[in-house]
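Coordinate analysis (summary)
For reference, the chains in residue letters:
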Amino acid sequence: MDETRTASVPLGQDAEQLARVSKLLDHALELSPTELAPWLAVLAQAEAPVAAQLREMLAARDQPGFAGFLSGSMGLDGIRHERTAGDRLGAYELMRPLGRGGMAEVWLARRADGAFEREVAVKIPRVGHLSQGMIERFSRECRILATLETPGIARLYDAGVDADVPYIAMEYVPGEHINKWCDSRGLTTPARIALFLQVLEAVGKAHAQNVIHRDLKPSNILVNAAGEIRLLDFGVARLLMTETGGASLTRTYGRALTPEYASPEMLRGEPIDASSDIYSAGVVLFELLVGTRPGKRTTTSTQVLGNLPTGVREVLNKALAPLPEDRYADAADFAAALRTFAVPSGRRLRWWIAATAVAVLGGAGIWYLHGHGAASVAASAAATAPPTLAVLPFTDMSQAHDQEYLADGLAEELINKLTRIEGLRVTARTSAFSFKGKAQDLRNVGQQLGVAHILEGSVRKADGRLRITTQLIDVKTGYDIWSDTFDRTANDVFAIQDEIATTVARKLGTSLGVAATKDYGGTSSAEAYDHLLRGLSVFNKFTRESMVAAIGEYRAALAIDPGYARAAAELAIAMGAASASGIDITRREREEVTARANQLAPDASLTHVANMWLQSDRHEWIEADDSCSAVFKAGHDPRAEWICAGFLTLTGRVRAARPYREAARKEDPLSIVVSTTLARQYAILDMEPELRRELEHEDQIAGARRPAATEQLVYLAHSGASPAAMSAELERACPEIGKSACDIWTAAIRNPQTAPAQLRARLDSTSQSLPADAATIALAAAYLQDKALALDALQVFTARADSPAFQIMWYPLLGNVRKDARFKRILLNLGFVELWRHTGRWADFCHPVGTDDFECS
């Protein structure tokens with residue numbers, strides 16, 4: 001972001017004269033008041049007219065509304081103020097200067113208010129006394145430019161005025177100026193033209209949105225290592241123009257421009273349109289191909305120009321025509337005329353660049369054999385590897401900051417939609433939302449989540465209007481692949497979600513299997529949807545209070561739209577979870593809500609999950625198995641599949657559940673709940689290396705907590721660990737497993753001789769023999785090798801427990817207990833055996849014997 005060549009210049013002079021004044025003005029603006037007077041005196045002796053002109057220009061800086069000087073560099077009191085690293089402007093902390101010139105200075109900065117740690121380029125225009133009109137115009141223009149979100153153009157993220165100092169926060173683009181990038185790699189003419197076509201594509205998209213750059217030049221066109229261009233400062237020049245300071249100022253200072261690249265009409269101070277950008281682009285192309293600008297030809301450059309193909313020279317002549325009407329009608333026509341002379345179509349520019357560079361070294365043939373093969377391998381790998389994506393929680397940009405539920409809900413809904421797209425792997429909500437409110441570099445986020453792309457955005461809702469801004473980011477480069485702003489009514493939220501999901505899928509090259517919201521049992525009521533999002537937001541906190549609050553929100557959504565199937569299914573699931581947590585929910589109410597979900601959207605995955613939960617609690621295992629079979633058959637709903645994997649586990653089919661648990665772990669790598677359930681799979685299947693690996697992973701993401709404490713404790717008991725090792729593990733586990741379970745294990749580990757009697761007394765006590773206690777007693781008794789006590793505890797446990805807890809019966813620690821005939825009767829009474837025989841899919845630890853019997857181990 002080189003600002004050293006940009007200045008506000010007078011009208012009525014040719015480009016070379018203007019360039020001279022521009023350079024002198026830049027230098028003058030960098031001088032302190034004590035340095036300026038003697039410098040002007042010396043200049044007056046050599047160039048009196050120029051010195052007089054500069055004095056007039058500098059004298060105008062104190063006029064209200066003049067956009068030519070920076071109050072932070074030359075304060076309103078006339079004292080020079082230097083900015084330093086660590087200074088704040090709005091929400092941004094300045095890190096280091098990137099460039100400084102007559103119209104602005106540019107700093108690398110970062111967010112300092114707790115949002116994501118994305119580095120930005122903060123441009124600080126040089127303005128003096130800001131009138132209210134100037135502030136309003138500045139804000140208005142920035143809002144317009146913020147809507148210009150398209151690949152190839154550096155985004156304008158934010159703008160504001162802090163203590164009378166306006167600033168513009170833009171995408172920070174690391175790279176080289178286009179001319180330097182081409183020269184350092186020795187690019188051929190066709191390769192340079194191919195690169196320049198990217199410039200015209202970006203310019204054309206901006207023009208289509210009625211935004212003119214006004215200052216196209218090589219330093220505003222950067223190229224990254226992959227050969228991708230980014231245009232800087234698109235439309236920013238208009239922000240630096242004075243519209244409110246009076247005609248005299250405009251005549252004195254003219255337009256914000258770089259004279260060497262400005263169109264003739266801009267130099268004359270006439271109104272401009274997109275044709276002015278066409279001219280400036282022509283100057284840039286001329287310099288790329290010839291080595292000098294059109295007005296600075298040398299003998300060498302004239303020779304280079306003469307060696308260009310005749311067609312290329314004709315294209316340059318037309319783009320550089322003095323009259324706007326004689327130039328190309330638009331950027332697309334300009335590009336069409338050039339495309340014939342670019343690199344062969346279908347070959348990516350970076351491969352052409354590689355070929356050109358190697359050819360210069362005399363190895364063109366070698367490159368073709370090896371590079372072409374590498375390209376094929378890379379293309380093949382890219383074709384087979386599914387694109388990976390994480391949707392981060394959106395930022396609440398509302399003035400009152402009271403729309404967090406909406407921001408979270410939109411992100412979650414996009415996760416749900418995108419997850420159902422064939423060929424796209426999407427990080428689950430828990431892992432993606434673990435970065436909420438944390439200052440993280442997006443590349444680090446992508447690395448931790450194991451994804452190549454990130455979708456983030458912001459939400460603002462006010463007075464029935466909804467503004468959603470999204471950015472699809474390539475994690476490797478940090479660049480936006482796509483961005484857009486949706487400014488519509490709140491009722492358009494469903495269409496916006498579908499449009500975002502479809503566009504993301506298209507950009508990532510996947511099939512467009514995006515179902516419209518209504519196809520999933522949606523609603524046309526924005527108010528009902530608002531309640532659903534509030535419910536999702538609080539339910540995901542996984543506390544008793546949050547479950548009750550979520551149930552209230554889902555009920556409110558259904559009251560507004562009785563046909564809202566998604567709300568009915570979510571309500572049924574929330575009621576099931578609440579009931580399992582001991583919250584008083586009547587079975588009749590759960591049945592009514594689940595029946596409504598079936599009536600409204602019988603084929604939706606969440607409806608099948610609601611059915612399974614209710615059927616499991618009623619021990620209707622065959623029906624519950626059918627519900628989960630429908631979920632697995634439909635596919636593309638990891639949340640539903642993960643829940644149904646739990647059903648497979650509790651019914652003993654742990655190996656069948658394992659792939660779904662591992663898939664959830666891959667899609668949700670930072671979820672403690674997902675990691676704990678996978679650890680349980682490994683513990684039940686006696687897979688020690690995998691269990692240890694998962695427990696280490698959980699320690700990393702959970703910190704001091706040990707959510708898989710039961711799995712670690714039970715596995716140590718099964719593996720014959722010493723009492724000392726068991727005691728040490730118990731001390732770490734107690735905060736997680738609770739006081740009651742801690743007391744049971746403490747008795748078993750530290751007092752093995754007296755523990756059986758204590759545990760039996762606890763089991764026989766009607767006030768203490770809760771299902772969870774009975775399950776823990778069964779495991780502790782197995783550790784003590786008291787099979788009778790373990791079976792008695794299992795009898796109490798299975799008679800009183802809800803179904804989700806039955807998975808404890810399959811721990812290896814209970815292997816000897818499962819061989820007993822009493823255990824077989826427990827399974828028969830539960831109805832598991834009928835399920836296995838009906839489906840033909842037996843538990844991993846039981847198998848049929850003959851036609852009427854079975855045995856377990």
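Residues numbered from 1 in each chain as written. Predicted model: local features only at pLDDT ≥ 70, side-chain atom pairs only at ≥ 80, totals over all residues. Heavy atoms only, no water.

Looking at the overall build of the protein chain
Put simply, the test is: The numbering of helices and of strands both runs from the N terminus, where a helix is a DSSP run of H or I of at least 4 residues and a strand a run of E of at least 2. Residue burial is assigned from relative accessible area. The probe radius is 1.4 Å, only protein chains are included, and a residue is buried under 20% of its type maximum, exposed over 50%, and partly exposed in between. Residues are treated as being in contact if the distance between any of their heavy atoms lies within 4.5 Å.
Per the secondary structure count, the protein chain includes 38 helices and 19 strands. The buried share of the protein chain, taken over its 857 residues, is 55%. Considering only contacts within the protein chain whose residues lie at least 6 apart along the sequence, 62% involve residues at least 24 apart.

A few points about helix 20 (residues 526–539)
Definition in use: Working rule for helices: expected span equals 1.5 Å times residues minus one.
With 14 residues, helix 20 should cover 20 Å at 1.5 Å per step; its first-to-last C-alpha distance of 20 Å lies within 8% of that length. By the criterion of burial, helix 20 is predominantly enclosed, with 10 of the 14 residues buried.

Focus on the state of the cysteines
Applied cut-off: Any cysteine sulfur atom paired with another within 2.5 Å is treated as part of a disulfide.
This structure, assessed with the given rule, holds 3 disulfides. Residue C734 pairs covalently with C742 via a disulfide, S to S 1.9 Å. Between C734 and C742 the sulfur-sulfur dihedral comes to about 75°; the bridge is accordingly right-handed. Here C734 matches C742 in class, with each residue buried. One disulfide in the model links C846 with C856; its S-S distance is 2.0 Å. Between C846 and C856, the disulfide has an S-S torsion of 105° and is therefore right-handed. You can see C846 sitting in strand 18 (residues 846–849) and its partner C856 sitting in strand 19 (residues 853–856), a full 10 residues away along the chain. Residue classification places C856 among the buried residues on the basis of a relative accessible area of 8%.

Overview of the nonpolar core
We apply this condition: Grouping buried Ala, Val, Leu, Ile, Met, Phe, Trp, Tyr and Cys residues that are joined through side-chain atoms within 4.5 Å yields what is termed a nonpolar core.
Residues L418, W745, W810 and L827 are the most contacted members of the largest nonpolar core, which totals 147 residues. Here L418 is in contact with L389, V391, L424, V426, L455, A501 and V504, once residues within four sequence places are set aside. Counting residues in hydrophobic clusters, the runner-up holds 45 residues, among them V199, I278, F286 and A335.

Let's talk about unusual backbone geometry
Unusually for a residue other than glycine, D686 sits at a positive phi of about 60°. By the element assignment, D686 lies in the loop between helix 28 (672–684) and helix 29 (688–702). For Q785, which is not a glycine, the phi torsion comes out positive at approximately 60°. Turning to its location among the elements, Q785 is positioned in the loop between helix 34 (771–783) and helix 35 (787–800). Since its relative accessible area comes to 74%, Q785 is described here as exposed.

Some points on the sheet that holds strand 8 (residues 176–177)
The strands that make up a sheet pair up through hydrogen bonds in the backbone, lying either parallel or antiparallel. The condition that has to hold: At least two bridges found by DSSP between two strands are what make those strands a pair. With axes taken as lines fitted to C-alpha atoms, and helix axes fitted only over the stretch in contact, angles between N-to-C directions fall between 0 and 180 degrees.
Across the sheet, which stays open at both edges, the 3 strands sit in the order 8-9-10 with antiparallel pairing between neighbours. Either end of the sheet is taken by a strand with one partner, and the two such strands are strand 8 and strand 10 (229–231). Sheet topology places strand 9 (residues 221–223) next to strand 10; 3 bridges connect them, and they run antiparallel. Pairing of V223 across the sheet is with I229, part of strand 10. Sheet strands touched by helix 6 (residues 189–208): strand 9 and strand 10. Its angle to strand 10, the strand with the most contacts, is close to 40°.

Section: the pattern of salt bridges
Quick note on the threshold: A carboxyl oxygen of Asp or Glu within 4 Å of a side-chain nitrogen of Lys or Arg is what we treat as a salt bridge.
Scanning all chains against the criterion turns up 23 salt bridges. For D617, the salt bridge identified is with R590, shortest N-O distance 2.9 Å. Of this pair, D617 sits in helix 24 (residues 605–617) while R590 is found in helix 23 (residues 587–600), placing the two residues 27 residues apart along the sequence. Taking the relative accessible area as the measure of exposure, R590 reaches 3% and is therefore buried. With its nearest N and O atoms 2.5 Å apart, the salt bridge here joins D792 to R822.

What about the side chain of H697?
The topology assignment puts H697 in helix 29. Relative accessible area serves as the criterion here: at 13%, H697 is assigned to the buried category. In this view, H697 contacts R665, P669 and S675; residues no more than four positions away in its chain are not counted.

Considering helix 24
In this model, helix 24 (13 residues) spans 19 Å end to end at C-alpha, consistent with the 18 Å of a helix rising 1.5 Å per residue. The buried fraction of helix 24 is high, at 13 of 13 residues.

Thoughts on the packing of helix 31 (residues 723–737) against helix 32 (residues 739–750)
Cut-off, in case you're wondering: Here is the rule for angles: anything less than 35 degrees is roughly parallel, anything more than 145 is roughly antiparallel, 65 through 115 is roughly perpendicular, and the remaining ranges are oblique.
Between helix 31 and helix 32, whose axes approach to 9 Å, the crossing angle comes to 175°. The angle between helix 31 and helix 32 falls in the class roughly antiparallel. Only A741, C742, W745, T746, I749 and R750 of helix 32 make contact with helix 31, whose side of the interface consists of P723, M726, S727, L730, C734 and I737.

Some words on the packing of aromatic side chains
Using the following cut-off: Pairing of aromatic side chains here covers Phe, Tyr and the six-membered ring of Trp, requires ring centres within 6.5 Å, and sorts the geometry by plane angle: under 30 degrees stacked, over 60 edge-to-face, intermediate tilted.
Tallied over the entire structure, the rule returns 16 aromatic pairs. Relative to W842, the ring of W836 lies with its centre 5.4 Å away and its plane at 40°, an arrangement referred to as tilted. Across this residue pair, the class does not change: W836 and W842 are buried. Taken together, the ring pairs connect W621, F647, F797, F806, W810, F823, F832, W836, W842, F845 and F854 into an aromatic cluster.

Here's the deal with the pairing of strand 18
By the bridge criterion, 4 bridges tie strand 18 to strand 19 in an arrangement that is antiparallel. Considered in strand 19, the bridge of H847 is made with E855. In this structure, the hairpin formed by strand 18 and strand 19 is closed by a connection of 3 residues, where G850 is found at a positive phi of approximately 70°.

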